[in-house]
Amino acid sequence: FCGYHGAFRITNGPIIKFMVIGDPSYASNGYQCEEIISTDPGGTANNNLGADSMVSVYAHEIAETITNYNFAWYFNSNGNENGDACFWDFGAYTGNSNMVAGTKRFLVQQM
């Protein structure tokens with residue numbers, strides 16, 4: 001996996017949501033999490049393959065964490081969560097990025 005999310009409830013307390021994003025350069029199952037991002041011959045948007053890859057995984061997991069409200073997991077008709085339905089789909093973009101945050105450019109999957 002490139003990242004995952006979950007939730008738990010403290011006895012008689014709130015639901016605690018969390019997500020984990022590890023080193024995206026190599027996941028424990030052998031999947032290269034930055035494989036798609038690294039295909040641009042100009043390099044990644046910020047010339048840091050690991051960090052640039054992590055941004056897209058973070059966006060994916062935060063979207064799923066937000067939509068999985070109160071343990072009512074969202075799944076589409078194919079059984080995918082919203083982030084999984086468009087996994088590694090960056091839409092149309094030029095160069096090596098599709099969004100800007102502050103002064104930095106990033107390549108982030110569509111949601």
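Because the structure is predicted, anything quoted here is derived from the model rather than measured.

About the cut-offs
Residues numbered from 1 in each chain as written. Predicted model: local features only at pLDDT ≥ 70, side-chain atom pairs only at ≥ 80, totals over all residues. Heavy atoms only, no water. Helix = DSSP H or I, 4+ residues; strand = E, 2+ residues; numbered from the N terminus. Buried < 20%, exposed > 50% of the residue type's maximum accessible area, 1.4 Å probe, protein only. Polar contact = N/O pair within 3.5 Å; in protein donor to acceptor, adjacent residues only side chain to side chain. Contact = heavy atoms within 4.5 Å. Phe/Tyr/Trp six-rings, centres within 6.5 Å; stacked < 30°, edge-to-face > 60°.

Draft legend 1. Region of interest: the side chain of Thr44. Looking at the element boundaries, Thr44 is found in the loop between strand E2 (15-21) and helix H1 (49-67). A relative accessible area of 8% means that Thr44 is categorised as buried. A polar side-chain atom of Thr44 sits 2.6 Å from a polar atom in the side chain of Asp52.

Draft legend 2. Structural detail: the environment of Thr67. Here Thr67 lies in helix H1. Take Thr67: its relative accessible area is 34%, and that puts it in the partly exposed class. Spatially, the C-alpha atom of Thr67 lies 9.8 Å from that of Gly83, the residues being 16 residues apart in sequence. Polar side-chain contacts of Thr67 include one of 3.3 Å to the backbone oxygen of Glu64. Within the structure, Thr67 has its side chain in polar contact with the side chain of Asn82 (distance 3.4 Å).

Draft legend 3. The environment of Gly6, seen in detail. The topology assignment puts Gly6 in strand E1 (residues 3-9). Each C-alpha atom, one on Gly6 and one on Val20, is 8.9 Å from the other, the two residues being 14 residues apart in sequence. Contacts of Gly6, omitting those with residues within four sequence positions, involve Ile16, Lys17, Phe18 and Trp73.

Draft legend 4. Examining the packing of aromatic side chains more closely. Taken as a whole and assessed by the stated rule, the structure comprises three aromatic pairs. The interplanar angle of 90 degrees and the centroid separation of 6.4 Å between the aromatic rings of Tyr4 and Phe18 together place this pair among those described as edge-to-face. Remark: Phe18 occurs in strand E2 and Tyr4 occurs in strand E1; sequence separation between them is 14 residues. Overall, the relative accessible area of 30% leaves Phe18 in the partly exposed class. Relative to Phe18, the ring of Phe8 lies with its centre 6.2 Å away and its plane at 45 degrees, an arrangement referred to as tilted. Of this pair, Phe8 sits in strand E1 while Phe18 sits in strand E2, and the two are 10 residues apart along the sequence. Classification of Phe8 by relative accessible area gives partly exposed; the value is 41%. An aromatic cluster of three or more residues is present, and its members are Tyr4, Phe8 and Phe18.

Interpretation in functional terms is not warranted from these geometric data alone.
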